[in-house]
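# Report on the structure
Spelled out from the first residue to the last, the chains are:
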Amino acid sequence: MALPLAQFRAHLRLGTGFSDDDVQDAVLESFLRAALATIEARTGKILIERDFSWELRQWRDGGEQPLPVAPVSLILSLTVRDRMDDPIPVEATSYKLIPDMQRPMVAATGTCLPSIPTGGAAEIRFTAGFGPGWAELPADLGQAVLLLAAHYYENRAEAAPSGGPMPFGVSSLIDRYRTVRILGGGPGA
């Protein structure tokens, strides 16, 4: 994934034009990756597009299954495995993606999703994220990543994580993207 190292360097106001300009690139990249992961975990939104595989033992509802992250752009495959772990591919015409920025779902095109055998599982492979690169990220989420990465960079000398709250500016930028869970969980939630 192409991380915005140049934007991050500019955000930190690091000097340029020196022969060792790239000496900190590895550490800057690690702070950017940590900030991306933290914001994805807090919001349930995947920032940079990539493929996922999710396994579940039973459907939450027989006709549709909410996916664990958003935004989802494509269901790559749905496979059911029996208790012996033998795969049973499911025809792509028997399910569809219901896109949603908060709670995308895989839904049956007929009456119900394929049954999951006792002791078996279903595996859903899908593509999630705002886009393939940094430029496709909403501006406020991009700014939140830079602010949080800068916070990590500036406080890198701390021996242990503070465990405290996220910086206010970052929280303000990501709050509208956080998923509100109104259901009490349950299978496959």
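Below, the discussion takes up the overall build of the chain. Along the chain, the regular secondary structure elements total four helices and seven strands. Reading the chain from its N terminus to its C terminus gives the helix and strand order α-α-β-β-β-β-β-β-β-α-α. Counting the 189 residues in the chain, one finds 38% classified as buried. Of the roughly 10,600 Å² of accessible surface on the chain, a fraction of 55% belongs to carbon and sulfur atoms.

Here three strands make up an open sheet; going across it, the order is β2-β6-β5 and the pairing antiparallel. Both edges of this open sheet fall to β2 (64-66) and β5 (95-98), since each of them pairs with a single strand only. Taking each pair of neighbouring strands and ignoring which way they run, the sheet shows an average axis angle of 20 degrees.

With that settled, the discussion passes to the side chain of S77. Topologically, S77 is positioned in strand β3 (residues 72-81). Among residues more than four places away in sequence, those in contact with S77 are Y95, E123, I124 and R125.

The subject of this paragraph is the packing of aromatic side chains. Aromatic rings considered in pairs are described by the distance between their centres and by the relative angle of their planes. This model, assessed by the stated rule, comprises three aromatic pairs. Between F130 and Y177, the ring centres sit 6.4 Å apart and the planes meet at 90 degrees, which makes this aromatic pair edge-to-face. Pair noted here: F130 is in the loop between β7 (121-128) and α3 (139-154) and Y177 is in the segment after α4 (168-174), with a separation of 47 residues, a long-range link. By relative accessible area, Y177 is classed as buried at 7%.

Residues M105 and A107 point to one face of strand β6 (residues 105-108) and V106 and A108 to the other, with burial holding for every one of them. Across three bridges, the pairing between β2 and β6 is antiparallel. Residue pairing for β6: Q65 is matched across the bridge by V106. Between β5 and β6, which pair antiparallel one after the other, the connecting turn spans six residues.

Let us look at the nonpolar core. Judged by nonpolar contacts, the single largest core of 27 residues is most densely connected at F8, L32, I39, L47, W134, L141 and V145. Elements supplying a minimum of two residues to this core: α1 (5-12), α2 (25-43), α3 and α4. When residues of this core are assigned to their parent elements, the largest contribution, eight residues, is made by α3. Once residues lying within four places of it in the same chain are set aside, the contact partners of I39 are L47, L141, A144, V145, L148, V170 and I174. Core analysis: the second largest hydrophobic core is formed by 20 residues, W54, W59, V106 and A108 among them.

The rules we used
- Residues numbered from 1 in each chain as written.
- Predicted model: local features only at pLDDT ≥ 70, side-chain atom pairs only at ≥ 80, totals over all residues.
- Heavy atoms only, no water.
- Helix = DSSP H or I, 4+ residues; strand = E, 2+ residues; numbered from the N terminus.
- Buried < 20%, exposed > 50% of the residue type's maximum accessible area, 1.4 Å probe, protein only.
- Areas by Shrake-Rupley, 256 points an atom, 1.4 Å probe, with all protein chains shown as cover.
- Pairing = 2+ DSSP bridges.
- Axes fitted to C-alpha atoms, helices over the stretch in contact; angles between N-to-C directions.
- Contact = heavy atoms within 4.5 Å.
- Phe/Tyr/Trp six-rings, centres within 6.5 Å; stacked < 30°, edge-to-face > 60°.
- Core = buried A, V, L, I, M, F, W, Y, C linked by side-chain atoms within 4.5 Å.

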